[in-house]
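# Observations on the model geometry
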Amino acid sequence: MAQREHHYQVSVEWTGNKGQGTASYKAYDRDYQMSAGEKAPIAGSSDPAFLGDATRWNPEDLLVASASACHKLWYLHLCAEAGIIVQAYRDDAEGTMVEGKTGCFTRILLKPQVSISSGDPELARTLHHQAHSLCYIANSLNFPVLCEPTIVQSPQ
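Let me begin by describing the structure that accompanies this report. (Residues numbered from 1 in each chain as written. Predicted model: local features only at pLDDT ≥ 70, side-chain atom pairs only at ≥ 80, totals over all residues. Heavy atoms only, no water.)

### Concerning the pairing of strand 7 (residues 112–118)
As a reminder of what qualifies: Only protein chains enter the area calculation, which uses a 1.4 Å probe; residues under 20% of their type maximum are buried, those over 50% are exposed, and those in between are partly exposed. Helix and strand definitions here come from DSSP, where helices need a minimum of 4 consecutive H or I residues and strands a minimum of 2 consecutive E residues; each element is numbered from the N-terminal end. In short, DSSP must find at least two bridges between two strands for them to pair.
Within strand 7, five of the seven residues are buried, leaving the element largely enclosed by the surrounding structure. Bridge analysis of strand 4 (residues 85–91) against strand 7 gives six bridges, and the strand direction is antiparallel. Looking across to strand 7, one finds that V86 is bridged to I116. As paired elements, strand 7 and strand 9 (residues 150–153) share four bridges and run parallel to each other. Paired with S115 across the two strands is V152, which belongs to strand 9.

### Considering helix 1 (residues 59–82)
So the rule is basically this: The span one expects for a helix is its residue count, reduced by one, times 1.5 Å. Here a polar contact means two N or O atoms within 3.5 Å. Within protein one must be a hydrogen donor candidate and the other an acceptor candidate, and residues neighboring in sequence count only if both atoms are side-chain atoms.
The terminal C-alpha atoms of helix 1, which comprises 24 residues, lie 35 Å apart, in line with the 34 Å expected from a rise of 1.5 Å per residue. Residues of helix 1 that are buried: V64, A67, S68, C70, H71, W74, Y75, L78 and C79. In this structure N58 caps helix 1, since a side-chain oxygen of it lies 2.9 Å from the backbone nitrogen of E60. Looking one or two residues past helix 1, G83 carries a phi angle of roughly 80 degrees, positive in sign.

### Focus on the sheet that holds strand 5 (residues 94–98)
For clarity, the cut-off: To obtain each axis, a line is fitted to C-alpha atoms, and for helices this fit is confined to the stretch in contact; angles are then taken between N-to-C directions over 0 to 180 degrees. We call two residues contacting when some pair of their heavy atoms lies within 4.5 Å.
With mixed pairing, the three strands of this open sheet are ordered in space as 5-6-8. In this open sheet, the two strands that pair with only one neighbour each are strand 5 and strand 8 (145–147). Mean inter-strand twist for the sheet, computed between neighbouring axes without regard to direction, equals 15 degrees. Here strand 5 runs beside strand 6 (residues 104–110); their pairing, made up of five bridges, is antiparallel. Of the residues in strand 6, the one forming a bridge with T96 is R107. The sheet strands contacting helix 1 are strand 5, strand 6 and strand 8, and the helix crosses strand 6 at an angle near 40 degrees.

Treat this as a map of the structure, not an account of what it does.
Structure (structure tokens):
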């Protein structure tokens, strides 16, 4: 089977120039705006620990959200194929980053809470392992992405 290649193009524009540019570390805001085609723009900044705006998405938030969303999309796909009817899905994912000579993430922990109305709860749990192995984002990272799912059987 031939490999398919996908390309993604985004624009990130710094909007934090307060008039002096980067004359000093505290002379500018870390604000930026991300856009991609006709999609709604996303307001970003750095983490507040690095003088960022806590009301905006930072790159670390986006990385954890990307891993969580990719896992969810694969999981829902697998459940649909397996006849498991998912009624609700929420993941309160957590990422751990360590500062040092060079900062890096050391792990992401996904904690999906899934409500199903039909299908085997144990199969619903094990499909998380398959979703993890298929997740493009998790497969691209050089640190562990762990998953601790909770499955609840809800009325139909």
